[in-house]
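Architecture and fold: a report
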Amino acid sequence: MPMSSSESATALKRTVIVAIFAAVAVVLSLLEAQIPLVGVGLMPGAKLGFANIMILTCIFFLRGRDAFVLVILKTLLTSFLLGTFSSLLFSLFGSLLSFVVMFLLVKWGGKKFSVIGISIAGGLAHNTGQLFAAAIVFKSTSIFYYLPVLLITGIVTGIVVGYAVRYLVASLSKISLFEEFLG
Amino acid sequence: MKRADVLLISIVLIAALAFIVPRWLSSDKDKAGPDNNLVANITVDGKLYKTVKLTKEEQTIDVRTERGYNILKVHDYGIEMYDADCPDKVCLGFGHITRPKQTIVCLPHRVLVEIAGAGSGEDDIDAYVQ
């Protein structure tokens with residue numbers, strides 16, 4: 001189907017935004033990987049989830065399928081760069097579950113939940129998804145020993161990510177590139 | 001924050017604390033010590049690799065698979081991951097674990113170490129390996 005010039009301009013903008021967001025998300029993941037969380041007494045493998053800032057912001061501005069592409073891109077790129085290819089499936093499982101939960105909440109729960117609640121739900125879904133994936137691989141449920149700790153850290157990082165998204169959405173809304181995507 | 005946010009946070013917090021608090025209050029018999037004869041079950045890829053007694057004396061356990069190696073050290077009635085050639089080194093961060101149900105996981109190598117009471121050692125394997 002041929003697109004009109006304004007349609008193709010919009011499509012191009014979407015692509016550019018997804019690309020920029022993916023780049024920022026990867027950089028955030030790389031920065032985050034440099035922070036030794038274990039030293040602060042957190043559970044090993046716990047992440048701050050900064051990349052979630054970009055994914056949640058993308059859900060707000062663009063369509064679900066654009067955010068989906070962003071999730072896949074970000075997970076693939078960080079897995080390649082950080083050299084943890086073997087855990088790619090775990091990240092993918094967690095990221096996709098988190099994306100689905102946040103997308104549904106933005107779509108249907110957007111009036112009840114604020115950005116902060118949605119980001120918390122996404123973070124919790126990410127943690128739980130990864131533990132489920134690990135439990136399936138290990139054929140053992142003993143890994144759920146860490147779920148309570150992960151839930152609490154998930155709430156804390158979810159609040160931080162939520163506030164970041166709130167400011168980011170407010171700032172980006174002033175940029176002309178994002179103008180036509182404002183709901 | 002809206003009301004639904006606060007509700008979500010409180011429900012999750014209560015659920016998490018409901019699991020954590022009993023662990024803090026758990027009696028002394030769950031703690032490490034010479035009388036408890038704790039064992040660590042090491043599984044690779046869901047299959048039992050080895051069961052080791054947690055002793056005060058130091059023991060080193062080599063877990064070598066086609067995915068890579070993990071070196072575990074038993075000492076002071078606990079066990080810790082000493083070295084591994086996995087890319088993320090997350091397993092090294094679990095530290096020295098001494099209580100039943102505590103685990104060390106190495107995702108890249110599919111290695112799982114879980115502490116169990118002596119009673120649930122080799123006889124009880126079917127309970128957690130499907």
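Everything numeric in this text was worked out from a predicted model, so none of it was measured.

This part is about the overall build of chain B. Along chain B, the regular secondary structure elements total one helix and eight strands. Element order for chain B, N to C, with α for helix and β for strand: α-β-β-β-β-β-β-β-β. Partitioning the intrachain contacts of chain B with sequence separation of at least 6 by distance along the chain shows that 34% fall at a separation of at least 24. In the form shown here, chain B has an accessible surface area of approximately 7,000 Å², with 54% of it arising from carbon and sulfur atoms.

Take the overall build of chain A next. In terms of regular secondary structure, chain A is built from seven helices and zero strands. Secondary structure of chain A in N-to-C order comes out as α-α-α-α-α-α-α. Computed over the C-alpha atoms, the radius of gyration of chain A is 17 Å, within 12% of the 16 Å expected from 2.2 N^0.38 for a compact globule of 183 residues. In terms of overall dimensions, chain A has C-alpha extents of about 55 × 35 × 30 Å along its principal axes. In chain A, which comprises 183 residues, the proportion classed as buried is 48%. In chain A, once contacts between residues fewer than 6 apart in sequence are set aside, the share between residues at least 24 apart is 71%. Approximately 8,900 Å² of chain A is accessible, and the part contributed by carbon and sulfur atoms is 73%. In chain A, 12 side chains carry a positive charge and 5 a negative one; their mean positions are 11 Å apart.

Bringing the UniProt feature "transmembrane region" (unreviewed entry) in chain A into the picture now. All names here are of chain A. UniProt annotation of "transmembrane region" (unreviewed entry) refers to residues 43-62, 89-106, 113-137 and 143-165 when read in the numbering used here. Split by type, residues 89-106 is 100% helix and 0% strand. Its first and last C-alpha atoms lie 25 Å apart. Its end C-alpha atoms 31 Å apart, residues 143-165 is made of 83% helix and 0% strand.

Under the domain assignment, chain B is made up of domain 1 (1-32) and domain 2 (38-117). A straight line from the C-alpha centre of domain 1 of chain B to that of domain 2 of chain B covers 27 Å.

All right, on to the sheet that holds strand β5 (residues 78-84) of chain B then. Residues and elements named next belong to chain B. A sheet is described by the order of its strands in space; here four strands give the open sequence β3-β4-β5-β6, paired in antiparallel fashion. Each edge of the open sheet carries a strand with a single partner, namely β3 (59-65) and β6 (96-97). In this structure, strand β4 (residues 68-75) lies alongside β5, joined through six bridges in antiparallel fashion. By the bridge assignment for β5, Leu72 is matched with Met81.

We now examine the pairing of β3(B). Residue and element names in this part refer to chain B. Sheet topology places β3 next to β4; seven bridges connect them, and they run antiparallel. Paired with Val63 across the strands is Asn70, a residue of β4. Counted along the chain from β3 to the antiparallel partner β4, the turn is two residues long.

Residues and elements named next belong to chain B. Along the chain, Ala40 falls in strand β1 (residues 39-44). Using a relative accessible area of 0% as the deciding quantity, one classes Ala40 as buried. Distance from Ala40 to Leu8, taken between C-alpha atoms, is 37 Å for residues 32 residues apart in sequence. The contact partners of Ala40, leaving out residues within four places of it in the chain, are Lys50, Thr51, Val52, Leu54, Ile79, Val113, Glu114 and Ile115.

Residue and element names in this part refer to chain A. Scanning all chains against the criterion turns up five aromatic pairs over all chains. With a centroid separation of 5.2 Å and an interplanar angle of 70°, the aromatic rings of Phe132 and Phe144 are classed as edge-to-face. Here the residue Phe132 occupies a position in helix α5 (residues 115-138), and Phe144 occupies one in the loop between α5 and α6 (147-172), the gap between them amounting to 12 residues. Here a set of aromatic residues connected by ring pairs shows up, and it is made of Phe21, Phe61 and Phe178.

Procedures and definitions
Residues numbered from 1 in each chain as written. Chains lettered and ligands numbered in written order. Predicted model: local features only at pLDDT ≥ 70, side-chain atom pairs only at ≥ 80, totals over all residues. Heavy atoms only, no water. Helix = DSSP H or I, 4+ residues; strand = E, 2+ residues; numbered from the N terminus. Contact = heavy atoms within 4.5 Å. Areas by Shrake-Rupley, 256 points an atom, 1.4 Å probe, with all protein chains shown as cover. Rg over C-alpha atoms; globule rule 2.2 N^0.38 Å. Buried < 20%, exposed > 50% of the residue type's maximum accessible area, 1.4 Å probe, protein only. Lys, Arg positive; Asp, Glu negative; His and termini not counted. Charge placed at Lys NZ, Arg CZ, Asp CG, Glu CD. UniProt positions renumbered as here; feature names shortened; annotations may be inferred. Domains from an automatic or database assignment. Pairing = 2+ DSSP bridges. Phe/Tyr/Trp six-rings, centres within 6.5 Å; stacked < 30°, edge-to-face > 60°.

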